[in-house]
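Understanding the architecture of this molecule
Each chain, written out:
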2 protein chains.
Amino acid sequence: MSQKIFVSAKEVADRAGVSRSAVSRTFTPGASVSAETRRRVLEAAEALGYHVNHLARGLMRNESGLVCLIVSEMDTPYRASLIRAISRHLQNASKIAMLINTDRSDRSVDEALKLAISYRADASIVLSGMPEKSITDLCVKSGQRLVLINRDEERAGALMINLRDQEAARQAFIAFQRAGCRSFAFANSDVGTPSLMAREEGFCAAGREFGVDVIVERFGATRYQSGVVLAQRLLTREVRPDAIFCANDLLACGLMDTARHQFKLAVPDDLCVVGFDDIEQTSWSSYQLTTFAQPVDRIAEEAVLWLSQPMTDSGRFCRMTPDLVWRESVRGG
Amino acid sequence: MSQKIFVSAKEVADRAGVSRSAVSRTFTPGASVSAETRRRVLEAAEALGYHVNHLARGLMRNESGLVCLIVSEMDTPYRASLIRAISRHLQNASKIAMLINTDRSDRSVDEALKLAISYRADASIVLSGMPEKSITDLCVKSGQRLVLINRDEERAGALMINLRDQEAARQAFIAFQRAGCRSFAFANSDVGTPSLMAREEGFCAAGREFGVDVIVERFGATRYQSGVVLAQRLLTREVRPDAIFCANDLLACGLMDTARHQFKLAVPDDLCVVGFDDIEQTSWSSYQLTTFAQPVDRIAEEAVLWLSQPMTDSGRFCRMTPDLVWRESVRGG
DNA sequence: TTGTAGGCGTTATCAG
DNA sequence: CTGATAACGCCTACAA
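All figures in this text were calculated on a predicted structure; none of them were measured in a lab.

Moving on to the packing of aromatic side chains. Summed over all chains, the structure comprises 26 aromatic pairs over all chains. Ring centres of A:Phe176 and A:Phe203 lie 6.1 Å apart, and the angle between their planes is 90°; on these two criteria the pair is classed as edge-to-face. Placement of A:Phe176 in helix H8 (residues 165-178) and of A:Phe203 in helix H9 (residues 194-209) is noted, with a sequence separation of 27 residues between them. Here A:Phe176 matches A:Phe203 in class, with each residue buried. Geometrically, the ring pair formed by B:Phe176 and B:Phe184 is edge-to-face, given 6.3 Å between the ring centres and 65° between the ring planes.

In structure tokens:
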């Protein structure tokens, strides 16, 4: 482990023939420095390759500029696009994203939040799992911003961004009805994420509302492969569903592929499918999936906006409406 | 902007009735503390919610624990999986990833590296674009580790991880020949990334080697939509290619979809296709694409390993061989 | 406008 | 094993 030798403000000051404070002031936006001093400092800094030490600055200012992103399975299309959107918005706000991988267990999310505290992150944004109240309380008490995305529980002092999953599910149900579908199913993973469960419940509730039975099948992780299995289970039932709402697009892709290739069904003629997220693949011509678009960019925007809001004790809910994107996997439209 | 009030070692020391040093030692792995002192410190820390300030620790130890990931278009499947792999390996090495989005211009990469210096990152890993020599020199001079992935230029003191793109391209060519293909094409984007160009050159070189003409078409970004356009251009030529090597999987998916749906061609009977990356979608039953797998996990492993290697002036090349994954898009296999 | 002095929360060093 | 003390690099009064 070799020594790191970054150049410090003192060296710049010496070379420029000014005091350390002059250097500091040169790099502090609102400070007063004469043009001449500034010029000499900048010149020396350039020559030496000086860059303000954000660690030390953060120590003084009590503001690190770091924002912690806590997320599991980040290579999943929807997650990846959300991370990208958030990190871009953060950069625009002169913050920088620290990325922490979790395994989706609540304990590993707790560990991640502790790490965020250790790094004196200005904020933490949780995309996966639900941290313990004692930890989130500590975050908030420490003055850290906290954003929970698509989690259902409330946390004091945090911003909770949620989608109207249930309403969307109802909308999907109605779309199926308009398409003349008669046998309805919901295809879910068995991980029990709040937003996934909300979609399931919303779809079942719509079934009750309209006096129609809804079959629910759950299996595995929320991925393509589970969609394959779900299709095999649902499409071999005595009364085969002709309308399947999938908890997300990945499941829908696996399900559609299997319906077509293994069961030789035509979508949407034999089977209507609706997904959720609007990941890029749904627009590919092999899928053309009708789905609900998560307002990824707006979620990111709201999350980052919250970081500069004055602290409140109560926390805030922010509910957004996903847009139904009509493509070719449902008749009519 | 409300004040942040994190609890400090002094407060823990006061509560536990010991000195600040004792607290520090308790949280420093190799240090010697009596069991009793340790217990009292831990108890006080727990009660107060104390967490070591990594910013201050980094200042002292001259080691921030931060590693900067510089990447553009990070929501792309291959990039996302690489980021995930790297961030997991970093976590195992008790480092933490800082994520910086660039627009792939070399200038924005330079800016990102300056940010990495400002945060005293222990290392920077560049996945996109090529930073200026003056900047990379500064990084290395400052004692920062530097890893360049899939870049072609050399940089002193850096680890450069590359794939044997040309050899892979030759292998693809031979696979096409074995499948009995007669008219060869290479489908590329027009961004000119080193690794993409290497694949193109390797494929053309193989054509020359075997005395066969190779058509090259380039268009747009390295994404699905460009694959669509490339298919339209290539498949309307007088002599229609029956073997197309795509610069990456995203292009291949767009090209395959278009070949099948718009041109009603059967893959692999009418057209053989090979891609590159082995993104998850290639294993979906709509594609079953034969492709070269990037050794994502090994790349991540090597990159992280480099961070703990003793510093050398010369830098190091690390070349890896992508594995050809046989699926259904090429006859034979 | 400028320089000086003190402190931010740590860790390393060195007596005890 | 423990506690005082001096850094680390920076910012912010305060006084000049």
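What follows picks up the thread again.
Moving on: the interface of chain B and chain A. With 66 residues of chain B at the contact, the number on the chain A side is 65 residues. Of the roughly 6600 Å² buried at the junction of chain B and chain A (both faces included), carbon and sulfur atoms supply 57%. Of all residues in chain B, B:Lys4, B:Leu55 and B:Arg120 bury the most surface against chain A, accounting for 12% of the area lost on that side. At the junction of chain B and chain A, the tally comes to four salt bridges.

This paragraph deals with the pairing of strand S4 (residues 145-149) of chain B. Residues and elements named next belong to chain B. Across the five residues that make up S4, a large majority, five, are buried. Every second residue of S4 is oriented toward a common face, with Arg145, Val147 and Ile149 on one face and Leu146 and Leu148 on the other, all of them buried. As judged from the four bridges shared by strand S3 (residues 123-126) and S4, these two strands associate in the parallel manner. By the bridge assignment, Ala123 is partnered in S4 with Arg145. A crossover links S3 with its parallel partner S4, the connecting element being helix H7 (residues 133-141), and its sense is right-handed. Of the pairings in the sheet, the one linking S4 to strand S5 (residues 159-163) comprises three bridges and is parallel in character. Residue pairing in the sheet places Val147 in a bridge with Leu159 of S5.

With that settled, the discussion passes to the protein's contact with DNA strand C. Near DNA strand C, the surroundings consist of 24 residues, among which A:Ser21, A:Thr37, B:Ala9, B:Ser24 and B:Arg57 are the closest. Within 4 Å of the protein, the contacting atoms of DNA strand C are drawn from sugar and phosphate to the extent of 58%. For DNA strand C, a base oxygen lies 2.9 Å from a polar atom in the side chain of A:Ser21. In the model, a base nitrogen of DNA strand C is placed 2.9 Å from a nitrogen or oxygen of the A:Arg25 side chain. Breaking the surface near DNA strand C down by element, the ones donating at least two residues are helix H2 (20-26) and helix H4 (54-61) of chain A together with helix H2 (20-26) and helix H4 (54-61) of chain B.

UniProt feature "domain: HTH lacI-type" (unreviewed entry): in the numbering of this structure it lies at residues 7-61 of chain A. Helix makes up 67% of residues 7-61 of chain A and strand 0%, and the two end C-alpha atoms of the span are 21 Å apart.

The linkage connecting A:Val267 with the following residue, A:Pro268, adopts the cis geometry, with an omega of 10°. Structurally, A:Pro268 is set in the loop between helix H11 (249-261) and strand S9 (272-277). In this structure, A:Asp278 takes a positive phi of about 60° despite not being glycine. Within the fold, A:Asp278 resides in the loop between S9 and strand S10 (290-293). For A:Asp278, a relative accessible area of 26% gives the class partly exposed. Its identity as a non-glycine residue notwithstanding, B:Glu73 has a phi of 45°, on the positive side. Note on placement: B:Glu73 falls in the loop between strand S1 (66-72) and helix H5 (77-92).

With 152 residues, the main nonpolar core has A:Phe176, A:Phe245, A:Leu255, B:Phe176, B:Phe245 and B:Leu255 as its most contacted residues. For A:Phe245, the contacting residues outside a window of four places in its chain are A:Ala169, A:Ala172, A:Phe176, A:Ala185, A:Phe186, A:Ala187, A:Arg199, A:Phe203, A:Val274, A:Gly275, A:Phe276 and A:Phe292. Ranked by size, the runner-up nonpolar core spans 50 residues in total, among them A:Leu113, A:Tyr119, B:Leu113 and B:Cys139.

What follows covers the relation of the copies chain B and chain A. Expressed as a screw operation, the relation of chain B to chain A combines 0.0 Å of axial shift with a rotation of 180°, fitting to an RMSD of 0.1 Å. The superposition of one copy onto the other is thereby described by a two-fold rotation axis. Considering only C-alpha atoms, the residue of chain B closest to the rotation axis is B:Met98, which sits at 2.2 Å.

A few words now on the environment of A:Tyr78. All names here are of chain A. Counting through the fold element by element, Tyr78 comes out in helix H5 (residues 77-92). With a relative accessible area of 11%, Tyr78 lands in the buried category. Along the primary structure Tyr78 and Leu324 are separated by 246 residues, whereas in three dimensions their C-alpha atoms are 16 Å apart. Discounting residues that sit within four places of it in the chain, Tyr78 has contacts with Asn150, Asp277, Ile279, Gln294, Val296 and Ile299.

Now for the protein's contact with DNA strand D. Taken together, 20 residues form the shell around DNA strand D, and within it A:Ala9, A:Ser24, A:Arg57, B:Ser32 and B:Thr37 come nearest. Across the atoms of DNA strand D situated within 4 Å of the protein, the share located in sugar and phosphate is 61%. A:Asn53 places a main-chain nitrogen or oxygen 3.2 Å from a phosphate oxygen of DNA strand D. For the surface near DNA strand D, the secondary-structure elements that each account for two or more residues are H4 of chain A together with H2 and H4 of chain B. Residues that form the surface near DNA strand D fall into these classes: 10 nonpolar, eight polar and two charged.

For the rest of this paragraph, the subject is the sheet that holds strand S1 (residues 66-72) of chain A. Spatially, the 12 strands line up as an open sheet ordered S11(A)-S5(A)-S4(A)-S3(A)-S1(A)-S2(A)-S2(B)-S1(B)-S3(B)-S4(B)-S5(B)-S11(B), and their pairing is mixed. Two strands bound the open sheet, and with one partner strand each, they are strand S11 (316-320) of chain A together with strand S11 (316-320) of chain B. The average undirected angle you get between the axes of adjacent strands in this sheet is 20°. Where S1(B) and S3(B) come together, four bridges link them in parallel fashion. The residue of S3(B) that forms the bridge with B:Leu69 is B:Ile125.

What follows is about the pattern of salt bridges. Throughout the structure, instances matching the rule amount to 38 salt bridges over all chains. With its nearest N and O atoms 2.8 Å apart, the salt bridge here joins B:Asp165 to B:Arg199. Note that B:Asp165 is positioned in helix H8 (residues 165-178) and B:Arg199 in helix H9 (residues 194-209), a separation of 34 residues in sequence. Comparing B:Asp165 with B:Arg199, the two get one shared label, buried. Between B:Glu302 and B:Arg316 there is a salt bridge; the shortest N-O distance is 3.3 Å. Residue B:Glu302 is found in helix H12 (residues 296-306), and its partner B:Arg316 is found in strand S11; the two are separated by 14 residues along the sequence. Here the salt bridges share partners, and the residues they tie into one network are A:Glu73, A:Asp75, A:Arg104, A:Arg223, B:Arg84 and B:Glu280.

Right, let's talk about the packing of H5(A) against helix H12 (residues 296-307) of chain A for a bit. Residues and elements named next belong to chain A. Running from N to C, H5 and H12 point in directions that differ by 40°, and their axes come no closer than 9 Å. Classified by the angle their axes make, H5 and H12 are oblique. Both H5 and H12 take part in a crossing whose hand is right-handed. Of the residues in H12, those in contact with Tyr78, Ser81, Leu82, Ala85, Ile86, His89 and Leu90 of H5 are Val296, Asp297, Ile299, Ala300, Glu301, Val304 and Leu307.

What counts, and where the lines are drawn
Residues numbered from 1 in each chain as written. Chains lettered and ligands numbered in written order. Predicted model: local features only at pLDDT ≥ 70, side-chain atom pairs only at ≥ 80, totals over all residues. Heavy atoms only, no water. Phe/Tyr/Trp six-rings, centres within 6.5 Å; stacked < 30°, edge-to-face > 60°. Helix = DSSP H or I, 4+ residues; strand = E, 2+ residues; numbered from the N terminus. Buried < 20%, exposed > 50% of the residue type's maximum accessible area, 1.4 Å probe, protein only. Contact = heavy atoms within 4.5 Å. Buried area = accessible area lost by both parts, 1.4 Å probe. Salt bridge = Lys/Arg side-chain N within 4 Å of Asp/Glu carboxyl O. Pairing = 2+ DSSP bridges. Right-handed = clockwise from strand over helix to strand, strands pointing away. Near = heavy atom within 4 Å. Polar contact = N/O pair within 3.5 Å; in protein donor to acceptor, adjacent residues only side chain to side chain. UniProt positions renumbered as here; feature names shortened; annotations may be inferred. Core = buried A, V, L, I, M, F, W, Y, C linked by side-chain atoms within 4.5 Å. Least-squares fit on C-alpha atoms with pLDDT ≥ 70 in both. Nonpolar A, V, L, I, M, F, W, Y, C, P; charged D, E, K, R; others polar. Axes fitted to C-alpha atoms, helices over the stretch in contact; angles between N-to-C directions. Parallel < 35°, antiparallel > 145°, perpendicular 65-115°, else oblique. Left-handed = near helix turned anticlockwise from the far one by under 90°.

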